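The lines below spell out each chain.
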Amino acid sequence: RAGGALVGRDRAVRGGPLPRADGVVHRCLALMERRPDAPWTLQSLAREAHTSRSVLAERFMRLVGEPPIAYLTRLRLDVAAGLLVQTAWPLARVAESAGYQSEAAFCRAFRRQFATPPAAWRRSRAGSMPRLAGEKAVPHQLDAREQHARIQQPVEQPRLDAVRQAHAHEHA
């Protein structure tokens, strides 16, 4: 899952795994990673982790290296980045699935994090990751030569089917 990768990257940078002994931080991370789209606040996370906001903020900062809401923002954007590449969902649906109340707020946050708007980021990475089962390719397609080259490479079946279908449609 995208969130697990995010935590793993952070832990590796900080020099070691997060101690499971700190149940407060562990519960908070698990909640955010399980439901990144939930309307979390520091207060709601602290309540779910059975602690105060100040204790949660202090422990989270010490162990993870950033405040809980900053981590949640990066987690949501990581989830959204994966959805942008793996699906053809409209930006509004990606934003909602990643926990944003509006497409505009999502686009601002995404641009701040990745230095490019989400639609442009999606176009720049088209075909770089396998799509979720049942998802269609993003509207812009590779040119015929690129499609042919990709068909020759071993790829996962759903992605291969999408490329072959686009290739057949283009030459029909």
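Residues numbered from 1 in each chain as written. Predicted model: local features only at pLDDT ≥ 70, side-chain atom pairs only at ≥ 80, totals over all residues. Heavy atoms only, no water.

A. Local environment of the packing of helix H5 (residues 68-86) against helix H7 (residues 103-114). Running from N to C, H5 and H7 point in directions that differ by 95 degrees, and their axes come no closer than 10 Å. By the criterion of interaxial angle, the relationship of H5 to H7 is roughly perpendicular. Residue-level inspection shows Arg74, Leu77, Ala80, Ala81 and Leu84 of H5 in contact with H7, the latter providing Phe106, Ala109, Phe110, Gln113 and Phe114. Taken together, the residues of the contact of H5 with H7 break down into eight nonpolar, one polar and one charged. (Axes fitted to C-alpha atoms, helices over the stretch in contact; angles between N-to-C directions. Helix = DSSP H or I, 4+ residues; strand = E, 2+ residues; numbered from the N terminus. Parallel < 35°, antiparallel > 145°, perpendicular 65-115°, else oblique. Contact = heavy atoms within 4.5 Å. Nonpolar A, V, L, I, M, F, W, Y, C, P; charged D, E, K, R; others polar.)

B. Main features of the packing of aromatic side chains. Applying the stated rule across the entire model yields six aromatic pairs. A centroid spacing of 5.5 Å and a plane angle of 50 degrees characterise the contact between phenylalanine 114 and tryptophan 121, whose relative ring orientation is tilted. By relative accessible area, which is 28% here, phenylalanine 114 ends up partly exposed. Within the aromatic cluster, the residues linked to one another by ring pairs are Tyr100, Phe106, Phe110, Phe114 and Trp121. In this structure, arginine 93 packs its charged tip against the face of tryptophan 89, placed 3.8 Å from the ring centre. (Phe/Tyr/Trp six-rings, centres within 6.5 Å; stacked < 30°, edge-to-face > 60°. Buried < 20%, exposed > 50% of the residue type's maximum accessible area, 1.4 Å probe, protein only. Lys NZ or Arg CZ within 6 Å of the ring centre and 35° of its normal.)

C. Expanded view of the confidence of the model for the protein. Considering every residue of the protein, the mean pLDDT works out to 75; 61% of them sit at 70 or more. Within the model, the stretch residues 1-5 combines pLDDT values under 50 with ten contacts to residues more than four positions away or in other chains. Contacts from residues 7-16, a stretch scored under 50 in pLDDT, to residues over four places away or in other chains number 16 contacts. (pLDDT = per-residue confidence, 0-100.)

D. Main features of the side chain of aspartate 22. Tracing the backbone shows aspartate 22 in the loop between helix H1 (2-14) and helix H2 (23-34). Of note is the side chain of aspartate 22, whose polar atom sits 3.2 Å from the backbone nitrogen of valine 24. Within polar-contact distance, the side chain of aspartate 22 engages the backbone nitrogen of valine 25 at 3.2 Å. Those residues in contact with aspartate 22, other than ones at most four positions away along the chain, are Arg59 and Leu63. (Polar contact = N/O pair within 3.5 Å; in protein donor to acceptor, adjacent residues only side chain to side chain.)

E. Focus on the pattern of salt bridges. A full pass over the atoms with the stated rule returns three salt bridges. In this structure, the salt-bridge partner of aspartate 22 is arginine 59, at a minimum N-O distance of 3.5 Å. In this pair, aspartate 22 is assigned in the loop between H1 and H2 and arginine 59 in helix H4 (residues 53-64), connecting sequence segments 37 residues apart. The class of arginine 59 is partly exposed, set by a relative accessible area of 28%. (Salt bridge = Lys/Arg side-chain N within 4 Å of Asp/Glu carboxyl O.)

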